[in-house]
Structures are given as structure tokens and as C-alpha cells.
Amino acid sequence: MVPHELPATTPPTILVVDDSPSFLTALLDHLASRGFLVLIARTAEEGLMRAEFGRPDLILMDVVLPAMDGFEACRRLKARDDTKDIPLIFMTSLSDARQKVIGFAAGGVDYITKPFQIEEVLARINTHLELRKANRDLQQMFEQLTRAKEELVHNEKLAALGALVAGISHELNTPIGNSLMIASAFEDQTSEFRAQFGKGEPMRRSVLEGYLSNANTAVEVLVRNLHRAADMVSNFKQVAVDQTSAQRRTFLLAEVVSGNVLTLLPTIRRTPYTVTQEIPPTLMMDSYPGPLGQVITNLVANAITHGLDGRPYGTIAIASGNEDQDQDNVVMTVSDDGKGISADNLLHIYEPFFTTKLGVGGSGLGLHIVHNIVSDILGGRIDVHSTPGTGTTFTLTLPLTAPMRAA
């Protein structure tokens, strides 16, 4: 454990840099008698070394020192990652206001003018130690909140992948079930035909033709259902790749919308709501289909959870304008005819952790994530219009060619 991470019970360490032996001795006695650990240095260079290896909690530094003055020493301390956060108080007999400006510009946090009373020194030391502790506590709290946010985002991604698996298994049930039914029926017909053929008796032409006709129908239905299943697997595979890789590629917007709505079908079918899509079938984008799909999924899920929740019926409409409306952008809307959003809540919907469903499934991150994806990844803009009692419309204005992301 490095010195600046010692437990809270460890007395604070003060580094005093001054070239006066008598002054150092007197200040050392005063500080030590108040329970501080004290390091001393007589030159700026020595002070830099003491600060680097001792990592004090605060530095008292004389301005006028041999070879290198206190201002330059302060600048060097602030230029280092391991010492830049240590509060430094200048000590000087100079009363020139210009000198104080230079000291603050160098990174000092306070000034003590010599000669001084020890009570003044202790008061200023304690003030800046408390400030540093408060800053550390705030930084720790920020890091904890950041980790919590990242964990929630990760959980939402896992939930999206879970919905993807549920979606593909649910959708594959129909073509696979149909294939199994046809295959089973054809197996029974083949067994009967083999038994009749095995008797060695003459077989009527109509029986053979009937069997071949049934075989032809069975094969057609099997091929049609298996192709449907293969198309679904391919589509879901592409959605899964997009969601996990977030790679940029050229794609048809209608296919990305359809693929992501399919992942929500198990959820949608448990509700009395419907989802409609009206996207030009040839509208191409060069962008990030994974993040865009997450935006669509979150907006549809948000409409189900918040906009239409509790209503006996409702519609969520995903639409975009004509292909030639804008050579640079596509405007896409996700609308519902639900309860709408109040004016007060509209002011906060993109804030992290804001939710009207606290404790019942709302993390407060869905729309925050949507806003960040649209602006930071897709390079677009999101607007919302809502009237309580009539519904909500989110409008996405997205460049057809997304800006390149930094590697």
C-alpha cells in the first residue's frame, strides 16, 4: 500500500520546504506536537524528491529558495500525475499581489505570509486537508456510480441477448413444427406404401401416383418451411453479430428494423399491442446497425413499458420518410398512441437513472443509452414530442453515412 493510500487513522503527512534551519525546526516542533507526520527539505530539488517518494498529504513551500524557486517547483509537481493532486501552500515574506497571482497560476492553493501565527498555519492546513478528503470522497463516489452504471448497461445488453435467444426459439417453433408434422405424416404414408409393396401383389397405378403426389407436396412444404427457418436463423445471426460487435457496415434499414422487432416478438405477443413498420425497402445506410438496433429495441420496449402499460390496446409505429427526402439524412419516427409523457418528465427523460417505474423493471438507463448512441455513435439527433393522453413520438435524424468513430 502506497503512503497516500494509508488508512484514515494514519496521521496526515506534511512536507515543509524551506532553506531556514531555525524556521524548519520551529515549524517541525509545532506540527509534530499536533500529531502530524512531518517531512522536511531545504531546497526545491530536495522537496521534489521528498514529494515523489513520500507522497505527503500537503506541502508547505517557501517561495524564495536557492537554485530553483518555489513557483517552478510547484509547476513541476503539478505536471506529474503522482503529485499533481497534493495541495501546496506557499510561504513567503513577499506581500506583492503579483507574486500571489504567479503562485496561484503555478498551482498553489493558498498563501501564508511570514511572519505568521501557528494557529493560522494550522487552520489553513486543516482546511485544505478537509477539502482534499472531500474531493477524494467525491471521486470515489463518482467511480462507484460509474461502475454501477456500467453494470446496469451490461445487464441491459445481456437482457437484449436473452430476448434475442427467446425470439429465435419462439419464431423457429412454427416452421420446425410444420416440418416435423409433414415429415411424420410422410413417414407413415411411406411405411404403408412399403408394406403394400412388400406383399408382392400388383399395385394399381392410382396408388403409386397418389403416393408420389403426396411425396411431392410433402417435399415442397418441407423445403418451404426449412427455407423459412434458415432465413430466420440468418436474420437472427446478423442481429446477434450486430449487437455484439457494433461494427460499421452498409445495410438496408428495413432489414435492421425488422430483425430487431423480431427479437421483441415474445414480449409483444404477451401484450395486446401491435408494432407496425413502414420503411422504404431499398433505403441503404452506411452506419452501425448494432447500436441502431439497440435504439429501436429500447424505444419499442420503452413504449410497451411506459407508454402503453395497462391499456387494453395500442399501436407502436416505426416509420421513415421517402428515400429521396434528404440526400444526407434519414428521419425515422417511433410513435405510440399511449398515455404520453408529462411536461415535467419530458425535462428529465434522458437523464441517467431517471425512471417512473422504479422497483418494477425500470432501470432509468434506457433512454439515456438511446440518447448517447444517437448522438455519440450514430452522429445524429433525437427529438421527442408528447401530449398526455394521446401518445409520444421520438424522431431520429440520422446521417445516411455515419461519422467515423475514433479507434
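Residues numbered from 1 in each chain as written. Predicted model: local features only at pLDDT ≥ 70, side-chain atom pairs only at ≥ 80, totals over all residues. Heavy atoms only, no water.

A few words now on the packing of aromatic side chains. Here the structure, examined in full by the defined rule, presents four aromatic pairs. Summarising the aromatic geometry, the rings of Phe90 and Tyr111 are spaced 5.5 Å apart at their centres and angled 35° between planes, so their arrangement reads as tilted. Of this pair, Phe90 sits in strand β4 (residues 88–92) while Tyr111 sits in strand β5 (residues 110–113); the two residues are 21 residues apart in sequence, bridging distant segments of the chain. Each of the two residues, Phe90 as well as Tyr111, counts as buried. The exposure class of Tyr111 is buried, given its relative accessible area of 6%. Put simply, the rings of Phe71, Phe90, Phe104 and Tyr111 touch in pairs and so form one group of aromatic residues. (Phe/Tyr/Trp six-rings, centres within 6.5 Å; stacked < 30°, edge-to-face > 60°. Helix = DSSP H or I, 4+ residues; strand = E, 2+ residues; numbered from the N terminus. Buried < 20%, exposed > 50% of the residue type's maximum accessible area, 1.4 Å probe, protein only.)

To continue, consider the nonpolar core. Counting 42 residues, the largest nonpolar core has Leu253, Leu292, Ile318 and Met332 as its most contacted members. Going through the elements one at a time, α7 (253–263), β7 (273–278), α9 (289–307), β9 (314–320), β10 (329–336), α11 (366–377) and β12 (391–399) are the ones with two or more residues in this core. Element by element, the count of residues in this core is highest for α9, at seven residues. The contact partners of Leu292, leaving out residues within four places of it in the chain, are Phe251, Leu253, Met285, Met332, Leu378 and Leu398. (Core = buried A, V, L, I, M, F, W, Y, C linked by side-chain atoms within 4.5 Å. Contact = heavy atoms within 4.5 Å.)

As a further point, take the packing of helix α2 (residues 44–54) against helix α3 (residues 70–78). Here α2 crosses α3 at 25°, and the two axes come no closer than 10 Å. When the interaxial angle is binned, α2 and α3 end up roughly parallel. Considering how the two elements wind past one another, α2 and α3 form a crossing that is right-handed. Across the interface between the two elements, Ala44, Leu48 and Ala51 from α2 touch Ala73, Arg76 and Leu77 from α3. A breakdown of the residues in the contact of α2 with α3 according to their chemical character gives five nonpolar, no polar and one charged. (Axes fitted to C-alpha atoms, helices over the stretch in contact; angles between N-to-C directions. Parallel < 35°, antiparallel > 145°, perpendicular 65-115°, else oblique. Left-handed = near helix turned anticlockwise from the far one by under 90°. Nonpolar A, V, L, I, M, F, W, Y, C, P; charged D, E, K, R; others polar.)

With that out of the way, let us pick up the pattern of salt bridges. Counted by the stated rule, this structure contains 15 salt bridges. Ionic pairing is found between Asp81 and Lys84, a salt bridge with its closest N-O pair at 3.6 Å. (Salt bridge = Lys/Arg side-chain N within 4 Å of Asp/Glu carboxyl O.)

With that settled, consider the side chain of Asp18. Along the chain, Asp18 turns up in the loop between β1 (13–17) and α1 (21–33). A polar side-chain atom of Asp18 sits 2.9 Å from the main-chain amide nitrogen of Ser20. Here the side chain of Asp18 touches Lys114 through a polar contact of 2.7 Å, side chain to side chain. Not counting chain neighbours up to four residues away, the residues in contact with Asp18 comprise Phe23, Leu24, Ala41, Arg42, Asp62, Leu65, Met91 and Lys114. (Polar contact = N/O pair within 3.5 Å; in protein donor to acceptor, adjacent residues only side chain to side chain.)

Don't take any of this as a statement about function, it's just geometry.
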